[in-house]
Amino acid sequence: MASYLDELIVKYSDDKKKVSSKEKLIEKPVLNNSPTSEIKKVFTEKKKIPVQDNNHKKNTISTPSSQNLDDLLLKHKIVDFSSPQPKNVFKEKEIISSQPKTSIEDLNKPTDAFESNTQVKNREDALSKLKSLENNKDINPDELQPKNDTIIEAQEETIEGATVIAKYNKVKIYRLDSQSLLHYSVPVPKPNPSQKIIINTLKEATTRLVSSDPYKIKDHLQRKNIYYQKVLDILETAQEINIPKHLYPFYADAVVKEMTGYGIIEPLLDDDKLEEIMIVGPKKPVYVYHIDYGMMTTNIMFYSDDGINDIIDKIARSIGRNVDIANPLLDARLPDGSRVNATVPPASIDGSTITIRKFREDPYTIIDLINFKTLNLEVASFLWCVVEGFGAKPSNILISGGTGSGKTTTLNVLANFIPESDRILTIEDTAELNLPIKHVIRFEGRPPGLEGKGELSLEILTKNTLRMRPDRIIVGEIRHKEATTLFTAMNTGHDGCMGTVHANSAKETIVRLTSPPMNVPPLMLAGIDFIIIQKRLRTAKGQVRRITAIAEIKGVLDGDPKINMVFAWNPQTDMLERTSNPIMYLDIIKTYTNLNDADIKKKISDRAQILQNLIDKKIRVIHDVSKEIQKEYIIKR
Ligand SMILES: Nc1ncnc2c1ncn2[C@@H]1O[C@H](COP(=O)(O)OP(=O)(O)OP(=O)(O)O)[C@@H](O)[C@H]1O
Ligand SMILES: [Mg+2]
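Keep in mind that what you see is a predicted model, and the values were worked out from it rather than measured.

A. Summary view of the overall build of the protein. In terms of regular secondary structure, the protein is built from 20 helices and 22 strands. Per-residue burial for the protein yields a buried fraction of 36% across its 637 residues. Long-range pairs, those at least 24 residues apart, make up 60% of the contacts in the protein between residues at least 6 apart in sequence.

B. Molecular detail of the site of ligand 1. Lining the immediate surroundings of ligand 1 are 15 residues, of which Glu275, Gly406, Lys407, Thr408 and Thr409 lie closest. The element that contributes the greatest number of residues to the shell around ligand 1 is helix α14 (residues 407–415), accounting for three residues. When the residues that make up the shell around ligand 1 are grouped by side-chain class, the tally is two nonpolar, eight polar and five charged.

C. The nonpolar core, seen in detail. Counting 69 residues, the largest nonpolar core has Leu414 and Leu486 as the members making the most contacts within it. Ranked by residues supplied to this core, first place goes to helix α13 (residues 377–388) with eight residues. With residues near it in sequence (within four places) discarded, Leu486 still touches Thr462, Ile473, Val475, Ile478, Cys497 and Gly499. With 32 residues, the next largest nonpolar core counts Ile104, Leu144, Val210 and Met259 among its residues.

D. Representation of the confidence of the model for the protein within the structure. Summary statistics for the protein give a mean pLDDT of 82 and a share of 80% for residues scoring 70 or more. Counting contacts from residues 1–97, a segment whose pLDDT is below 50, to residues more than four positions away or on other chains yields 111 contacts.

E. Region of interest: helix α16 (residues 482–491). Counted residue by residue, α16 has seven buried out of ten residues, so it is predominantly covered. Regarding α16, the residues found buried are Glu482, Ala483, Thr485, Leu486, Phe487, Ala489 and Met490. Those residues of α16 that are buried are in contact with α15 (458–465), β17 (472–475), β18 (498–502) and α17 (506–514). Among the residues trailing α16, Gly493 stands out with phi positive, at a value near 95°.

F. Structural context of the pairing of strand β10 (residues 294–301). Relative to β10, strand β6 (residues 182–185) runs parallel, the two being bridged by three bridges. Of the residues in β10, the one forming a bridge with His183 is Thr297. Examined bridge by bridge, strand β9 (residues 285–290) and β10 share five bridges and lie antiparallel to one another. Residue pairing across strands places Tyr289 opposite Met295, the latter belonging to β10.

G. Inspection of the sheet that holds β18 at higher detail. Read across the open sheet, the nine strands follow the order β16-β15-β17-β18-β14-β19-β20-β21-β22; overall the sheet is mixed. Edge positions in the sheet fall to β16 (440–444) and β22 (575–578), since each has one partner strand and no second. Put simply, the sheet's adjacent strands are angled 25° from each other on average, direction ignored. As paired elements, strand β14 (residues 397–401) and strand β19 (residues 530–539) share five bridges and run parallel to each other.

H. Focus on unusual backbone geometry. A cis amide bond links Pro345 to the next residue, Pro346, at an omega of 10°. Mapped onto the secondary structure, Pro346 falls in the loop between β12 (339–343) and β13 (353–357). The linkage connecting Pro516 with the following residue, Pro517, adopts the cis geometry, with an omega of 0°. Looking at the element boundaries, Pro517 is found in the loop between α17 and β19. Unlike most non-glycine residues, Lys283 shows phi in positive territory, near 60°. The topology assignment puts Lys283 in the loop between β8 (274–279) and β9. Judged by local crowding, Lys283 falls into the exposed class, with 11 C-beta atoms found within 10 Å.

I. Representation of the packing of α13 against helix α19 (residues 597–616) in the model. Contact geometry for α13 and α19: axes closest at 8 Å, N-to-C directions at 115°. For the crossing formed where α13 meets α19, the hand is right-handed. Judged by residue contacts, Leu377, Glu378, Ala380, Ser381, Phe382, Trp384 and Cys385 of α13 engage Lys603, Ile604, Arg607, Ala608, Leu611 and Gln612 from α19.

J. Just the sheet that holds β10, in detail. Taken in spatial order, the nine strands make up an open sheet running β4-β5-β6-β10-β9-β8-β13-β12-β11, and their pairing is mixed. Where the open sheet ends on each side, the last strands, each with one partner, are β4 (163–168) and β11 (329–333). On average, each strand axis in the sheet is inclined to that of its neighbour by 20°, with strand direction left out of account. Relative to β11, helix α11 (residues 305–318) is tilted by about 60°, and along the sheet it contacts β8, β11, β12 and β13.

K. Representation of the environment of Val566. Along the polypeptide, Val566 turns up in strand β21 (residues 560–570). Given 20 C-beta atoms within 10 Å, Val566 falls into the buried group. Once the C-alpha coordinates of Val566 and Glu552 are considered, the two residues, 14 residues apart in sequence, prove to be 7.1 Å apart. Discounting residues that sit within four places of it in the chain, Val566 has contacts with Ile550, Ala551, Glu552, Thr579, Asn581 and Ile583.

L. The environment of Glu508, seen in detail. Along the chain, the position of Glu508 falls in helix α17. A residue is classified by how many C-beta atoms lie within 10 Å of it, and Glu508, with 15 of them, is partly exposed. C-alpha separation for the pair Glu508 and Ser400, spaced 108 residues apart in sequence, amounts to 9.1 Å.

M. Just the packing of α15 against α16, in detail. Their axes nearest at 8 Å, the elements α15 and α16 cross at an angle of 20°. Here α16 runs roughly parallel to α15, going by the angle between their axes. Considering only the axes of α15 and α16, their crossing is left-handed. Taken together, the residues of α16 that come into contact with α15 (itself represented by Leu458, Glu459, Thr462 and Lys463) are Glu482, Thr485 and Leu486.

N. Layout of α14. Counting buried residues along α14, nine of its nine residues qualify, which places the element largely inside the surrounding structure. For α14, the full list of buried residues reads Lys407, Thr408, Thr409, Thr410, Leu411, Asn412, Val413, Leu414 and Ala415. Buried residues in α14 make contact with α12 (366–371), α13, β14, β17, β18 and β19.

O. Region of the structure containing the environment of Ile615. Tracing the backbone through its elements, the reader meets Ile615 in helix α19. With 15 C-beta atoms counted inside 10 Å, the residue Ile615 sits in the partly exposed group. Along the sequence, Ile615 and Asp368 sit 247 residues apart, while their C-alpha atoms lie 8.9 Å from each other. Those residues in contact with Ile615, other than ones at most four positions away along the chain, are Ile367 and Ile370.

P. Region of interest: the pairing of β6. Sheet topology note: the strand β5 (residues 171–175)/β6 ladder contains three bridges and is antiparallel. What sits directly across from Ile173, in β6, is Tyr184. Between β5 and β6, which follow one another and run antiparallel, lie six residues.

What counts, and where the lines are drawn
- Residues numbered from 1 in each chain as written.
- Chains lettered and ligands numbered in written order.
- Predicted model: local features only at pLDDT ≥ 70, side-chain atom pairs only at ≥ 80, totals over all residues.
- Helix = DSSP H or I, 4+ residues; strand = E, 2+ residues; numbered from the N terminus.
- Buried ≥ 20, exposed ≤ 12 C-beta atoms within 10 Å, placed from the backbone.
- Contact = placed C-beta atoms within 7 Å.
- Near = placed C-beta within 6 Å.
- Nonpolar A, V, L, I, M, F, W, Y, C, P; charged D, E, K, R; others polar.
- Core = buried A, V, L, I, M, F, W, Y, C linked by C-beta atoms within 7 Å.
- pLDDT = per-residue confidence, 0-100.
- Pairing = 2+ DSSP bridges.
- Axes fitted to C-alpha atoms, helices over the stretch in contact; angles between N-to-C directions.
- Left-handed = near helix turned anticlockwise from the far one by under 90°.
- Parallel < 35°, antiparallel > 145°, perpendicular 65-115°, else oblique.

As structure tokens, this is what we get:
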């Protein structure tokens with residue numbers, strides 16, 4: 001017999017059914033065009049959404065900062081887009097007119113009881129911009145509807161007489177008769193004139209009507225949510241604009257993309273095969289550096305500095321910086337981790353520039369570097385042993401090379417050999433290192449703010465790490481006074497420090513370290529165990545990266561550090577070969593441990609075998625490689 005409690009449960013669920021029958025379940029709109037994968041995810045994850053029947057007057061949604069897009073979209077009135085969409089704008093207008101009428105003026109309500117004069121002015125500005133859309137003769141209603149219902153048409157470049165030499169996704173790579181560089185072409189979404197007017201006006205109005213400064217919200221998804229919601233809110237309220245209701249998400253997406261995205265360079269940012277994106281000024285093609293084809297021109301071009309400055313502004317504001325005549329240089333990081341450098345006139349005299357070193361979601365590993373022939377198996381295994389330190393003395397290593405020679409990548413690869421039991425502290429100007437190890441604390445420097453205050457130099461950060469019981473200190477790029485701090489650490493028993501230096505040889509590394517602004521006292525250089533030289537070389541096959549030398553500091557005689565070259569690259573064999581010079585570090589290891597030459601040799605060849613197995617099994621992803629490396633240390637204990 002059913003208990004009283006069971007009856008209650010049945011009754012309660014009946015009541016619930018009654019309530020839900022008042023709600024209508026509709027299919028969520030499928031936004032193929034959605035600019036943000038996050039937004040797309042929300043729409044694809046939740047297919048059915050309850051919507052109140054009294055469809056509706058304006059449904060104003062407040063956007064608390066903690067809400068995610070999921071919550072926001074669920075709370076927002078969703079229109080049924082599953083049924084065939086009316087192509088005719090005026091049909092939509094009829095539907096709107098049958099509903100309680102709201103107007104642009106309804107947006108003219110203070111959102112904050114204590115509005116500042118600027119807020120009032122912003123609101124008035126936004127309303128006048130929106131009003132300018134009403135009866136705007138330049139807007140052709142037929143152009144409002146995107147051709148394929150979802151996305152702004154992307155235009156493909158047509159180049160007569162050019163040969164397509166490669167094609168992937170939407171990218172085509174051409175060989176042009178007229179230039180030595182290959183040409184990269186990707187369809188660029190171009191809104192038509194009517195769409196452009198609507199998107200720009202909505203963008204300007206939204207910026208003014210969002211009451212809090214969205215750049216204070218660090219989470220970029222949350223920031224996108226706020227904009228997205230505000231555009232929907234404006235479109236629903238300002239019915240004079242006459243956008244067909246089923247296009248609200250289309251325009252909200254387009255506006256959010258304009259406000260938070262990177263415009264016409266987005267297709268380049270999405271291409272994992274690009275290492276670098278280089279905007280070199282207005283009226284010149286954007287250049288890219290392709291993994292397989294090297295430097296190329298593209299079909300993407302900015303026609304004035306304004307377009308470039310728009311992107312620079314966005315990046316700068318997101319990190320609370322300002323780029324202008326007084327501060328014409330910017331170092332920053334995009335939300336995806338890519339490193340950015342931007343310059344504006346008068347620093348770059350021919351116009352604004354942006355250089356983006358794209359972040360690799362899937363970082364290179366030692367297996368990749370062996371496959372690329374940047375180093376061979378034996379050297380890889382040797383470096384594994386010296387980074388780990390034969391269980392006795394982890395070595396202090398500097399990686400030197402020119403710009404883009406792959407120093408940071410090699411540093412990251414070598415740092416993967418650090419046992420998980422070590423506490424790692426990394427210090428970088430722009431955080432680029434990407435280690436799969438849990439016990440890592442990452443520090444990022446910061447230039448001084450507008451009043452010249454608030455600088456976090458690498459020197460301050462390096463000094464601070466010394467108070468944090470580090471096992472390993474890794475300085476991304478050693479350039480200034482942090483060098484002396486790091487070398488003091490190396491000379492006072494902090495083994496296993498690593499970093500990179502811009503220099504082309506071991507000798508040049510020493511000169512740079514001991515000259516201004518680094519000024520490391522020559523005697524301290526004895527703290528370095530190895531200097532690894534890496535180069536980007538031009539070959540018949542294109543550009544390749546090679547470790548061209550590994551050197552030791554043999555000691556400092558009369559203030560002059562002596563170099564002991566232990567591996568040197570042979571251009572004939574394209575191999576990094578062992579020289580006849582004894583490796584002093586291994587002699588030190590023998591004094592620290594009971595290992596003899598044969599034991600050391602065996603350890604190196606055992607680890608070479610582990611790496612060879614990974615190569616044979618085609619295991620190269622960082623987490624898998626790292627797991628195999630760490631296994632070695634578990635077995636040891
Ligand atoms: N060994 C390699 N083989 C092929 N490509 C590499 C190799 N090492 C790095 N790369 C690629 O080359 C580019 C530059 O690498 P990285 O950032 O490591 O160079 P860098 O010397 O630190 O540059 P910078 O001087 O600008 O700091 C990256 O896109 C990276 O993916
Ligand atoms: Mg680097």
